[in-house]
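One letter stands for each residue in the lines below.
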Amino acid sequence: MPNNELFKLENHLKSYLDEKKMLTMAKNTILTYSRVLESFLEYYRGYYEEISIEKIDRAFIVSYLDSKGFSIGSKNLHAVILKNFFCYLQKHFYSGIDFKSRLEHLTLKLPQKEPTALSASEYEVVMAYFLKETHKRKRTFHSYRNLFMLKVILLCGVRVSECLTIKSEDITVLPSKEELPSIYKIHLLGKGNKERYAYIPQEMIEKELLFLQSYIGENNLSTASLCITKEGRVLGRSEVYAMVESFLKNRKIPKRGVHMLRHSFGKHMVSKNINLSTIKALMGHENIQTTLIYARSDEESMIRAVV
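An account of the accompanying structure is given in this report. Since this is a predicted model, take the numbers as computed values, not measurements.

What counts, and where the lines are drawn
Residues numbered from 1 in each chain as written. Predicted model: local features only at pLDDT ≥ 70, side-chain atom pairs only at ≥ 80, totals over all residues. Heavy atoms only, no water. Buried < 20%, exposed > 50% of the residue type's maximum accessible area, 1.4 Å probe, protein only. Helix = DSSP H or I, 4+ residues; strand = E, 2+ residues; numbered from the N terminus. Pairing = 2+ DSSP bridges. Core = buried A, V, L, I, M, F, W, Y, C linked by side-chain atoms within 4.5 Å. Contact = heavy atoms within 4.5 Å. Salt bridge = Lys/Arg side-chain N within 4 Å of Asp/Glu carboxyl O. 1 Å grid on protein atoms, 1.4 Å probe; cavity = no way out; pocket = protein on both sides within 12 Å on 5 of 7 lines; lining within 4 Å. Points joined across faces, edges and corners; volume = space filled by probe spheres on them. Nonpolar A, V, L, I, M, F, W, Y, C, P; charged D, E, K, R; others polar. Phe/Tyr/Trp six-rings, centres within 6.5 Å; stacked < 30°, edge-to-face > 60°. Axes fitted to C-alpha atoms, helices over the stretch in contact; angles between N-to-C directions. Parallel < 35°, antiparallel > 145°, perpendicular 65-115°, else oblique.

**Description of the pairing of strand β3 (residues 195-201)**
Argument step 1. Side chains Arg 196, Ala 198 and Ile 200 of β3 all project onto a buried face; the interleaved residues Glu 195, Tyr 197, Tyr 199 and Pro 201 project onto a face where none is buried.
Argument step 2. Two strands pair when backbone bridges link them, and strand β2 (residues 183-189) and β3 are joined in this way by 7 bridges, in the antiparallel orientation. Note on β3: the bridge partner recorded for Tyr 184 is Ile 200.
Argument step 3. Connecting the antiparallel pair β2 and β3 is a turn made up of 5 residues, with Gly 192 showing a positive phi of about 70°.

Here it is as structure tokens:
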């Protein structure tokens with residue numbers, strides 16, 4: 001068996017990731033792909049003298065997945081990324097080998113889980129706090145910044161990665177129409193660098209936005225985001241998570257996670273009978289099947305339907 005198989009696989013991994021970067025795949029997605037492929041490469045180091053790249057099949061991938069003790073979700077993530085990688089190899093380097101058919105259906109069925117979200121009463125508690133804070137005159141830098149982020153994530157349904165890239169110039173005012181209030185239109189760079197827009201009543205975040213814009217200007221900060229520390233550094237995801245956890249704990253809400261706020265937006269939209277296609281567009285889902293998870297009826301809804 002040739003001893004250059006490991007070297008070839010390393011080069012293939014590098015060229016694959018370089019292509020993904022060139023296609024402007026999101027930074028966090030690149031990191032995930034890199035972590036998965038490096039893990040597979042490390043596993044292959046123990047077998048490259050016995051099995052060539054051309055001979056890698058479904059059984060070998062399954063043995064890799066089983067060796068790591070992954071959860072079902074992690075196994076599926078690794079399987080999807082590896083299938084994509086081997087399809088890339090088939091297209092560019094091994095045209096005579098049908099990796100695609102070899103690895104077809106290499107996924108495990110995940111149990112359908114209801115996304116964790118704020119209940120109707122918990123949502124009201126948060127909204128009451130937002131409205132109370134809106135009328136407060138004196139607040140700290142952290143209070144303004146945190147409220148800006150919390151409101152944008154919960155009331156617009158944006159991902160934390162999208163929130164962290166919002167710049168001052170991404171926010172414009174749409175004039176009021178008929179009975180509707182003035183609306184802020186927020187340009188977002190979403191998953192896979194896809195552009196979309198979020199919308200929020202101007203009065204909901206106007207004070208926070210004006211404060212942050214003024215703070216950045218007065219301190220001559222050069223920043224690519226409104227979600228910053230006092231020194232002008234863009235917040236990290238773990239810092240946002242800690243902020244949200246503290247906020248929920250202080251409201252005595254026994255739920256966790258930034259993404260839970262995004263789920264709460266989806267559930268709240270469904271409770272208002274908003275069209276699923278509109279919710280799909282607002283949340284930036286590629287497939288309406290993803291949006292449908294928010295439309296599952298709970299027992300209370302079913303009882304109300306028949307009473």
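**Structural notes on the nonpolar core**
Argument step 1. Core analysis: the largest hydrophobic core is formed by 45 residues, its most contacted members being Leu 118, Phe 130, Phe 148, Met 149, Ile 186 and Val 240.
Argument step 2. A total of 10 residues in this core trace back to one element, the largest contributor, which is helix α7 (residues 141-156).
Argument step 3. Other than its neighbours up to four places away in sequence, Phe 130 contacts Leu 147, Leu 150, Lys 151, Leu 154, Leu 155, Met 204 and Phe 247.
Argument step 4. Counting 32 residues, the second-largest nonpolar core is a separate cluster that includes Phe 40, Tyr 48, Ile 56 and Leu 106.

**Regarding the pattern of salt bridges**
Argument step 1. The full count for this structure, using the stated rule, is 14 salt bridges.
Argument step 2. Ionic pairing is found between Glu 162 and Arg 196, a salt bridge with its closest N-O pair at 2.5 Å. With Glu 162 in helix α8 (residues 160-163) and Arg 196 in strand β3, the pair connects residues that are 34 residues apart, well separated along the chain. Across the pair, exposure class does not vary: Glu 162 and Arg 196 are buried alike.
Argument step 3. Between Glu 245 and Arg 256 there is a salt bridge; the shortest N-O distance is 3.3 Å. In this pair, Glu 245 is assigned in helix α10 (residues 237-250) and Arg 256 in the loop between α10 and α11 (258-271), connecting sequence segments 11 residues apart.
Argument step 4. Under the relative-accessibility criterion, Arg 256 is labelled partly exposed at 37%.
Argument step 5. A network of salt bridges, in which partner residues are shared, links Glu 10, Glu 42 and Arg 45.

**Some points on the layout of surface pockets**
Argument step 1. Each pocket or cavity is described by its volume, and for the largest pocket that value is around 2,300 Å³.
Argument step 2. If you trace the largest pocket, you find 48 residues lining it, with Thr 29, Arg 159, Lys 191, His 259 and Arg 262 closest to the centre.
Argument step 3. Split by residue class, the lining of the largest pocket holds 17 nonpolar, 18 polar and 13 charged.

**Description of the packing of aromatic side chains**
Argument step 1. According to the stated counting rule, one finds 22 aromatic pairs in the structure shown.
Argument step 2. Seen from their ring centres, Tyr 16 and Phe 85 are 5.3 Å apart, and the 70° between their planes marks the pair as edge-to-face. Here Phe 85 lies in helix α4 (residues 72-92) and Tyr 16 lies in helix α1 (residues 5-22), a separation of 69 residues in the sequence.
Argument step 3. The exposure class assigned to Tyr 16 is buried, which follows from its relative accessible area of 1%.

**Digging into the packing of helix α2 (residues 27-44) against helix α3 (residues 58-67)**
Argument step 1. Running from amino to carboxyl end, α2 crosses α3 at an angle of 105°, the nearest separation of the two axes being 11 Å. One way to sum up the angle between α2 and α3 is to call them roughly perpendicular. Residues Val 36, Ser 39, Phe 40, Tyr 43 and Tyr 44 of α2 lie in contact with α3, whose contacting residues are Phe 60, Ile 61, Ser 63, Tyr 64 and Ser 67.
Argument step 2. Split into classes, the residues belonging to the contact of α2 with α3 amount to 7 nonpolar, 3 polar and no charged.

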